[in-house]
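# A closer look at the structure
The primary structure of each chain is shown beneath.
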Amino acid sequence: MHREIKCLLGLLTMVVLLVCAAPAMAADGDFRVIGYYTATSFDEPLERVQMEQYTHIMYGFLKPQTDGSILPVPRPELLEQMVKKAHENDVKVFAAVGGYSYENKPLAPTFAAMAASEESRSKFVQAIVDVVRTYDLDGVELDWEYPREETEESYEALVLELAEALHTMDKELSAAVAGATAADESATVSKMITPKALEALDFVEIMAYDLHATEHSPLWFARTSTQYWLKQLPKEKVVLGVPLYARPSWVQYRHLVAADPENAYKNFVEAGTVSKLESSYNGLPLLHDKAVYALKETGGIMFFDINEDVEGELSAVAMIGDLVREAESIEKTRFEKQVWVYLDNHPLTFTAEEGLGKPLIDENGRTLLPLRKVAEAIGVEVAYNQTERAITLTSDEQLVRLVVDSQEMQVGSAVQLLDCAPRILDGRTYVPARAVFESFGYQVQWNGYGRSVYLQKAA
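Residues numbered from 1 in each chain as written. Predicted model: local features only at pLDDT ≥ 70, side-chain atom pairs only at ≥ 80, totals over all residues. Heavy atoms only, no water.

### Digging into the nonpolar core
Grouped together as the largest cluster of nonpolar side chains are 95 residues, with contacts concentrated most on Ile-57 and Phe-303. With 8 residues, the top contributor of residues to this core is helix H5 (residues 118–135). Discounting residues that sit within four places of it in the chain, Phe-303 has contacts with Val-33, Ile-34, Gly-35, Tyr-36, Tyr-54, Val-242, Leu-244, Ala-316, Val-317 and Ile-320. Core analysis: the second largest hydrophobic core is formed by 29 residues, Val-341, Leu-393, Val-411 and Leu-455 among them. (Core = buried A, V, L, I, M, F, W, Y, C linked by side-chain atoms within 4.5 Å. Buried < 20%, exposed > 50% of the residue type's maximum accessible area, 1.4 Å probe, protein only. Helix = DSSP H or I, 4+ residues; strand = E, 2+ residues; numbered from the N terminus. Contact = heavy atoms within 4.5 Å.)

This is the structure in structure tokens:
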């Protein structure tokens, strides 16, 4: 009997160890990748939708009326095809209800009038339930832009009634919410949405874009918006939204790339090239930084609108899809220690097959880069004297000499003191990024939220 108990305890211990050792992000398996498909604005073939990249598609937009009715579903045959294809790929489809406007008139007054009456709310909820049943949808997204203090009670009532109806059907309810310019912002953002309403929602999608500034969707705005909503909700209910269009030009990402593929690696295009207006947008490096941040801090990422993406190697959706799969395939701590490098805004990749090492942060918080891969990428020759453990870096304009485990660096005839010494790890030489590459005329910037090193040739 005792022996059997010991065996059972041993077996249980092994199970616990296996569960604890499983990769944290893969074990979660519920990081949402959401794509808006605006059927009311685009006429794109369903074949362009990279269904394998998503967990959710938001099909928009259903338009509410003040009496609680809704306008006919846009392109119903397309929605049927969308649901069929999505479900074949284990992707959920939600109906997005609302949007900012209809026929160039803001929809917020329509929402307010409809939600103010119990009778019109009931009619609206029934209309939504009918659409969900008819098209075999998985949920609904409420896109009321934006509730105000005076609509706080009616917004809560609408959410609670809609959530109850949908949850009874085993369907979900999400809501699009405004971004926040500060983590402690209050009256202008979520104080119009009560704790009861937030609790009833399955998740929210932060519209961290359309900022009235030089940049309409900078990284800092994504961060402050996320931090704000994390004070209201658990991370698994917070989804960070990113745009695939520019402001103020409204040029789509795909059209920017079609004009010049290099635009995929920028965040700004001057007026006169693709539009009479300037184009501030999110290029691939910035979107990558946001996705890394979202993977660590939130429960998902959302694209508006997926019709604005390109196909092929410059696809923003595919790039982030690859990143999500990578994060879910390895241990969370390992993913969170990864460092990405951009050379003149282009990604510099480090693969295990190359065997040239990978960037890292050392125990003192210093960024170290594998020397040979980066040096050769900027046209610098590398020579190593094994006896002296000395490294000589040579370009047409500069000569730099370092010694492994020494903090002295010779640049031309001058000697500088490094804050950390070059070292050899797994047979590869690692050097401090900033000091070494600034010596060759590169500006070095560190983005802690995306864990990215940017090497930019100084003008």
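### Thoughts on the packing of aromatic side chains
Within this structure, the stated rule accounts for 15 aromatic pairs. On the basis of an interplanar angle of 15° and a centroid distance of 5.4 Å, the ring pair of Tyr-245 and Trp-250 is categorised as stacked. Accessibility expressed as a relative area gives 4% for Tyr-245, which makes it buried. Taken together, a centroid distance of 6.4 Å and an interplanar angle of 80° make the contact between Tyr-245 and Phe-304 edge-to-face. Taken together, the positions of Tyr-245 in the loop between strand E9 (238–243) and strand E10 (247–248) and Phe-304 in strand E13 (residues 300–304) put the pair 59 residues apart, joining distant regions of the chain. Cluster of aromatic residues (ring-pair linked, three or more members): Tyr-36, Phe-61, Tyr-209, Tyr-245, Trp-250 and Phe-304. Taking the ring centre of Phe-350 as reference, the NZ or CZ of Lys-373 above it sits at 5.7 Å. (Phe/Tyr/Trp six-rings, centres within 6.5 Å; stacked < 30°, edge-to-face > 60°. Lys NZ or Arg CZ within 6 Å of the ring centre and 35° of its normal.)

### What about the pairing of E9?
Counting buried positions along E9 gives 6 out of 6 residues, so the element sits mostly inside the fold. The pairing of strand E8 (residues 203–207) with E9 spans 3 bridges and is classified as parallel. In the strand pairing of E9, Ile-206 is matched with Leu-240. Handedness of the crossover joining E8 and E9 through helix H8 (residues 219–230) is recorded here as right-handed. In this sheet, E13 lies alongside E9 in parallel orientation, the contact comprising 4 bridges. By the bridge assignment, Pro-243 is partnered in E13 with Phe-304. (Pairing = 2+ DSSP bridges. Right-handed = clockwise from strand over helix to strand, strands pointing away.)

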